[in-house]
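Here are the chains, one letter per residue:
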Amino acid sequence: MSHSVLICDDAIFMRTMLGDILQQAGFDVVGEAETGSQAVEKYRELRPDLVTMDIVMPDMGGIDAVREITKLDPMAKVLMCSAMGQQALVVEAIQAGAKDFVVKPFQPSRVLEAVQRVLG
Amino acid sequence: MKDPARYAELFLTESRDNLVAVNEALLRLERDPTDGDALDAAFRAVHTIKGMAGVMGYAAVADLAHDMEALLAGARDEHRGLRNDDPSLLLEATDALESAIEASVAGRAGDVDVHSICGRLRGWATATHAVPATVGEFLLPPGEGLAVTVTLARDTPLRGARAMLVLQRAKMLGDVVSVVPDERALAEEHFETTFAFRLRSDASQERIADTLRLAGFIESVRVARDARASDTPRPEVDRIDSAWATGALKAPLQRYVRIDLRRLDGLMNLMGELVIARGRLEQALAPHTDPVLQDAAGAVGRLIGDMQTGILQSRMVPVWQVFDRFPRVVRDAARSLGKELEFSIEGREIELDRALLDQIGDPLVHLLRNAIDHGIEQPHERVEKGKPSAGRLTLSAARDRSAVVIRVTDDGRGIDRNLMLARGKAEGVIDPVRTDLSDEDLLKVIARPGFSTAERVTTLSGRGVGVDAVVSRVRTIGGSVELRTALGQGTSITVRLPVTLAIIQALLARVGDETYALPLTHVRETLQLSPAVVKRVRGTNVLVLRDEVLPLLSLRQIVNLPARDAEGSQVVVLEVADRRAGLVVDQLRGQQEIVVKPIDGARGAASCFSGATILGDGVPALILEATSLL
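Residues numbered from 1 in each chain as written. Chains lettered and ligands numbered in written order. Predicted model: local features only at pLDDT ≥ 70, side-chain atom pairs only at ≥ 80, totals over all residues.

## Considerations on the interface of chain A and chain B
Stage number 1. Chain A puts 13 residues into the contact, and the matching count from chain B is eleven residues.
Stage number 2. Of all the elements in the fold, those that place two or more residues in the side of chain A that touches chain B are α4 (87–96), β5 (100–103) and α5 (108–119) of chain A.
Stage number 3. Ranked by the residues each element gives to the side of chain A that touches chain B, the list is headed by α4(A), at four residues.
Stage number 4. Residues belonging to the side of chain A that touches chain B are distributed by class as follows: seven nonpolar, three polar and three charged. (Contact = placed C-beta atoms within 7 Å. Helix = DSSP H or I, 4+ residues; strand = E, 2+ residues; numbered from the N terminus. Nonpolar A, V, L, I, M, F, W, Y, C, P; charged D, E, K, R; others polar.)

## Comments concerning the pairing of strand β18 (residues 570–576) of chain B
Residues and elements named next belong to chain B.
Stage number 1. One ladder, built from five bridges, connects strand β14 (residues 523–528) with β18; its direction is antiparallel. From the neighbouring strand, Thr-526 faces β18, where its bridge partner is Val-572.
Stage number 2. Looking at chain direction, β18 and strand β19 (residues 579–585) are connected through seven bridges and run antiparallel. Bridge pairing links Val-576 to Arg-579 in β19. (Pairing = 2+ DSSP bridges.)

## Comments concerning the sheet that holds strand β4 (residues 78–82) of chain A
One key point about sheets: their strands pair by backbone hydrogen bonds, in either a parallel or an antiparallel sense.
All names here are of chain A.
Stage number 1. The five strands lie next to each other as β2-β1-β3-β4-β5, forming an open sheet whose pairing is parallel. Two strands lie at the open edges of the sheet, namely β2 (28–33) and β5, each paired on one side alone. Adjacent strand axes in the sheet meet at a mean angle of 20 degrees, parallel and antiparallel pairs treated alike.
Stage number 2. Relative to β5, β4 runs parallel, the two being bridged by four bridges. Residue pairing in the sheet places Ser-82 in a bridge with Val-103 of β5.
Stage number 3. Sheet strands touched by α5: β3 (50–54), β4 and β5. Its angle to β5, the strand with the most contacts, is close to 175 degrees. (Axes fitted to C-alpha atoms, helices over the stretch in contact; angles between N-to-C directions.)

## A look at the confidence of the model for chain B
All names here are of chain B.
Stage number 1. Within chain B, residue pLDDT values average 79, and 84% of them lie at 70 or more.
Stage number 2. Residue range residues 126–138 is modelled with pLDDT below 50. Its contacts to residues more than four positions away, or to other chains, number 32 contacts.
Stage number 3. Note that pLDDT drops below 50 for residues 454–465; the model gives that stretch 19 contacts with residues more than four away or on any other chain.
Stage number 4. The ipTM for the predicted assembly is 0.91, set against a pTM of 0.46. (pLDDT = per-residue confidence, 0-100.)

## What about the sheet that holds strand β4 (residues 218–224) of chain B?
All names here are of chain B.
Stage number 1. Read from one edge of the open sheet, four strands run β2-β3-β1-β4, paired in antiparallel fashion. Unpaired on one side and paired on the other, β2 (175–180) and β4 mark the two borders of the sheet. Recorded for the sheet is a direction-independent mean angle of 25 degrees between the axes of neighbouring strands.
Stage number 2. Both strand β1 (residues 146–152) and strand β3 (residues 194–200) contribute to a ladder of six bridges, which runs antiparallel. Following the sheet pairing, Val-148 is matched in β3 by Phe-197.
Stage number 3. On the sheet, helix α8 (residues 205–213) packs against β1, β3 and β4 and is oriented at approximately 155 degrees with respect to β4.

## Digging into the packing of helix α2 (residues 36–46) of chain A against helix α3 (residues 62–72) of chain A
Residues and elements named next belong to chain A.
Stage number 1. Where α2 meets α3, the axes come as close as 8 Å, and the angle between the chain directions of the two elements is 20 degrees. Taken together, the axes of α2 and α3 lie roughly parallel to each other. Crossing angle aside, the handedness with which α2 passes α3 is right-handed. Residues Gly-36, Ala-39, Val-40, Tyr-43 and Arg-44 of α2 form the contact with α3, whose own contacting residues are Gly-62, Asp-64, Ala-65, Glu-68, Ile-69 and Leu-72. (Parallel < 35°, antiparallel > 145°, perpendicular 65-115°, else oblique. Left-handed = near helix turned anticlockwise from the far one by under 90°.)

Have a look at this one:
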């Protein structure tokens, strides 16, 4: 059975791109979220195997979302999507429970490697 | 320590690179004290020196680096940038650091006293800010648990965050104690690629390594039971070896091998002799028609050619290796003269033979200082003339066919031709009937030994060694100097250098029993000397060549041999820029690749030789410098 993925990003462009990369690799994109609070809601509802999480999102940011999701499910597997220069935020996300991160601009191979590491 | 000298040398080379980086960053900070990137760059370089010095046990170096780092860290962490006087103090400290490093490596650590400068740095640094002491950052304090050393891949994005992931994974296996550098420093990426920590865990060493590797971007993980955990201080041997093992010192060796230039010179000499031997072999084989023999000889010839190219390339280094110390020199010079300056370097990556680059450093410093001292005006003067108050000074390097062209350009006051015309006439360099000066003549005037335009002698450049020293040095290494100047607009001095001085094509000429080499770059053609081409004009012989009348020189006369019957003599037509002359020689011996060995001519000796070579038969020959004859 293919792994289910929830993609969280406020930009449609990024959601589409990540979705394409993951779908082509055989993942099942079960949901998308545009804000941190949506991400938490969708996680509660869908219980995906993997979450990709943008750091900067309106409403609730990615880091708070990771914190909430980890509270819901300590085993949640969240992959952060970061830009260069956001090191401090990524470190914070890791401390909040994120399992790995990828740095934009996304290279499909890097994204998939990170996903594999997270799903272990 | 297997070979202490080797580590010391590695330390020295890397420290020098880092010192260049510190200087460069501080100069940027001097212009903009809030430049965060420059602050980070300075911090990183100082931090690296501190770490290495700690490993080497150079306490004075490590102490000074630590205090410099504290000042930089204070400025950075409080997001306030440096204060106005900080860059100057730090530049001074950098000089002290350089001396401390050189002295420590030379085994004169006892001579180094950094107390005074350290005290001033500490007085300056904010009292509230404390830098975690990370001297010997690859040295884990003795303690419980396994010693884990992790090296991240060089291309790891956000290394700090990646290191955090590694620690996170380690924490799933047990207790992480004593992380070096500490967790905060790791998260802020104050490390290169390697960090270490102790892990108290029941998991096997293999499982730990495997788990940590899954954190991604891992170059290596080393998990070791700590056999050395004891309270007694470890001997230095272990410290060095552990630094070596963690990869802290290993990294540069993976891609580069540093070679003593003398070895390359030796190889080059052998290569030269091989090229000559090839020439003799080709001559000897010429009468043979055996295709197998010809084929084999051809293959050997091509391989020797490829090898020659390879060795020549191995001697090439980018000019930044010398250029990068100039911003500091320029800054100091401009400061001491109260001038404002924007200095830029172009073409840093252009490559030049190492030996040439070493030779050209001092002359370039001289040209830069001259430009600042005599070219660039005082700020108020510039403003009055409608120029920006800061002068522009550019040092550029570019490749032009088989030459490298290095140019120093300023937008200063330029050189007054009328003044120089008068000077030139007074000194007898310029024909009294002349009413104007070409750029070439101008160079002749200012390149006279002892010439100085400065009305007063500054400590900077007007000390009697002037453009003449530059010109003669450049000529010795087979280059040429050109000057362009426009009054009120600036001056540019162009130094044209061969890419390598090691091997050139030359025409061999004989007079008497002696052989001389004429670089082919300056030979236009050769012809038989006959009454038809020689005319006598106003008591001297001239060469008439297709309607052109050229001066006729005699090599015999130049090298003080008695004249002889001109019967059978040859003429070599030399050409430099648009000047030509005929040179009479007894006989031509053909064209050959020669290996140039520079000579230091005795002062006052004939300056028309730029070097010497040894021919295939073991006979030495002097290389005639055409530029000096025309």
